[in-house]
Amino acid sequence: MIETSLYKVLVDCGFHQGQDEQKHEGEPFAYNPGGVDALILTHAHIDHSGRIPLLVKEGFKGKVFCTFATAELVEILWRDSAKIMGEDAQWRTRKNRRRGLPPVEPLYTEKEVEASLKLISPIPYDEVIEITEGLKIRMREAGHILGSSIIEAWVSENNGNKPVKVVFSGDLGSLEGVIEKPPTMIEEADFVLIESTYGDRLHKSLEETRTEFENVLKDALKTSAKVLVPTFVVDRAQRVLYELDLFQKKYPNLQMPKIYLDSPMGVKVTEIYGKYIPHLSRELKEMFLKGDDPFEPENFQFVRSAEESRAVNDERSGIILAGSGMCSGGRIMHHLKHNLFKQDTHVIFVGYQAYGTLGRRLVDGAKEIRIAGEDVTVKAQLHTINGFSAHADRDDLLEWAGNFSKKTRFIVVHGEPKPAQALAMGLSDKGYSAWVPALNDTIDLLAPIEERTTKMPVISQRIIDRLEISPQDIIQVLSAITSKADEIQKITIESKDYAKIIPLLVSAKTLMETAASLGENTKKSA
Ligand SMILES: [Zn+2]
Ligand SMILES: [Zn+2]
């Protein structure tokens, strides 16, 4: 939230995703939604947009600014999320009724989605627009999914002072930009809020990823059985369709089965991608110009209705793309149920599988799983392709950040504690001040520049000031220790220095053991 004496404006308002998702579900807002004047949405993904209808339900009446493509995509994602929450609430209500418990209400319904859609106010890329007195913004290409944007915001009070420039990276795409354009490089900012999803990891190169995908496909096609591709239907499905198209062009003599995109939502999203050709990468634009749709490989079929989807079950072979990407629902479930027990079925995972999902259990080697109340033995051959990520990796993030002048202060967000700390350290190695805020921390945009390094100054300060320490602080300190340990392992230490280093490390180990036993004790006494 950007707050001045003139306004309160939010940037994104999404669902919590990741390990402690359940814990945050239904959590109240830390502010009064009715007191928020406007919202700027970086892109349609549900971890950025998912709670907007809830905000509206609780009194938000301002405008929602986003790009034109985001406006179209977010409608599809909101409707889907209302539908899933509605079904989930019904299921939980039935369960509760048997135990004499009260019914479960979904967080929001179609009604709040409709009300939220009325607030959407699309704006073009690259134009400076005053959205309220004292706040100008410009949306720049973020290269992450269609419509994704980096927000440049000029924040001022009405006192004639120079505005403070804050850049919100949103989610950034890879600098290679396969189906999207690469993210815009920006040079000036006082503050940058930078995402850190892959702040500690590098992706495989495009070439390696393509070779990997080709090899898996060639292997899978030998059996002429089903090839199932669980996939997110925004961006990832379009990317896989494009890769399949490239594969067919490269191996025209290989016998390819029919390709299906089995998702009404995926069909709509693909149509929207086709509508915004000027926003896509150069290679895709060139294909479209030649009249060749990159999202329509040969022998391809969209599957819309449930009957059509069931009919695909009767086919002996076929490459089936369907949601959800982590096999936590959607049409992929019935395809898995009907094919996982067959030895010649292939399943290709093309995205991250979060802990606790069926996809993750499969990737981790589960031999038997339960789908829709039935036990299914897993005999299919499973493959994982990790390189199709829509996110910048560590090198991309540091290169994008490296365009800012050295006076820019980085605030590292949108990452698990470890990658966030790792990115902050990478930024301070480059000479920037960078830190990882805890939830609900406040940053004074007008405070004089002070040395903020990633060596846990905020937590240390809180200890000195005897302020409350949260579990998040422990995670941050621990991940800082872990990255340091990784770093020490990587550097070659001269043997003459062993005597200096080992005693320090041994005492660090003793301290850690003491901390762990203190933790144990408090757990017991609790
Ligand atoms: Zn995203
Ligand atoms: Zn995100």
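Note that the structure is predicted; figures quoted are calculated from it, not measured.

Thoughts on the sheet that holds strand β6 (residues 129-132)
Spatial strand order, β6-β7-β8-β9-β10-β19-β20: seven strands in an open sheet with mixed pairing. Of all the strands in the sheet, just β6 and β20 (433-435) have a single pairing partner and so form its edges. Going across the sheet, the axis of each strand differs from the next one's by a mean of 25 degrees, ignoring polarity. Lying over the sheet, helix α13 (residues 394-401) contacts β8 (149-155), β9 (164-168), β10 (191-195) and β19 (409-413), oriented at roughly 165 degrees with respect to β10. Contacting β10, β19 and β20, helix α14 (residues 417-429) crosses the sheet at an angle of about 165 degrees to β19.

Brief notes about the pairing of strand β12 (residues 259-262)
The two faces of β12 match: I259 and L261 on one face and Y260 and D262 on the other face are all buried. In the sheet, β12 pairs with strand β13 (residues 300-303) via four bridges, with the strands oriented parallel. Opposite D262, over in β13, you have V303 as the bridge partner. Here β12 pairs with strand β14 (residues 318-322) via three bridges, running parallel. By the bridge assignment, Y260 is partnered in β14 with I320.

A short note on the packing of aromatic side chains
Here the distance between the centres and the angle between the planes together describe a pair of aromatic rings. Within the structure shown, the criterion is met by ten aromatic pairs. Arranged with centres 6.4 Å apart and planes meeting at 10 degrees, the rings of F15 and Y108 form a pair that is stacked. Remark: Y108 occurs in the loop between α4 (68-98) and α5 (110-119) and F15 occurs in the loop between β2 (8-11) and α1 (21-24); sequence separation between them is 93 residues. Taken together, W400, F404, F410 and Y432 form an aromatic cluster joined through their ring pairs.

Comments concerning the pattern of salt bridges
Under the definition given, this model contains 27 salt bridges. Linking R79 and E75 is a salt bridge whose minimum nitrogen-to-oxygen distance equals 2.8 Å. Within this pair, R79 and its partner E75 are both found in helix α4, separated by four residues, close to a single helical turn. A salt bridge links R310 to E307, with the nearest nitrogen and oxygen atoms 4.0 Å apart.

Focus: the domain arrangement of the chain
In terms of domains, the chain is made up of domain 1 (1-122), domain 2 (124-203 + 390-446), domain 3 (206-384) and domain 4 (461-525). If you average the C-alpha positions of domain 2 and of domain 3, the two centres end up 32 Å apart. Counting the surface lost from both domain 2 and domain 3, the interface buries some 1300 Å², and carbon and sulfur atoms represent 65% of this. Per-residue buried area on domain 2 facing domain 3 is highest for L146, V178 and I179; these three make up 56% of the total on that side. Between domain 2 and domain 3 we count zero salt bridges in total. Counting across the interface, domain 2 meets domain 3 through five residue pairs in polar contact (both at pLDDT 80 or more). Its residues assigned to classes, the side of domain 2 that touches domain 3 comprises six nonpolar, two polar and four charged.

The rules behind the values
Residues numbered from 1 in each chain as written. Chains lettered and ligands numbered in written order. Predicted model: local features only at pLDDT ≥ 70, side-chain atom pairs only at ≥ 80, totals over all residues. Heavy atoms only, no water. Pairing = 2+ DSSP bridges. Helix = DSSP H or I, 4+ residues; strand = E, 2+ residues; numbered from the N terminus. Axes fitted to C-alpha atoms, helices over the stretch in contact; angles between N-to-C directions. Contact = heavy atoms within 4.5 Å. Buried < 20%, exposed > 50% of the residue type's maximum accessible area, 1.4 Å probe, protein only. Phe/Tyr/Trp six-rings, centres within 6.5 Å; stacked < 30°, edge-to-face > 60°. Salt bridge = Lys/Arg side-chain N within 4 Å of Asp/Glu carboxyl O. Domains from an automatic or database assignment. Buried area = accessible area lost by both parts, 1.4 Å probe. Polar contact = N/O pair within 3.5 Å; in protein donor to acceptor, adjacent residues only side chain to side chain. Nonpolar A, V, L, I, M, F, W, Y, C, P; charged D, E, K, R; others polar.

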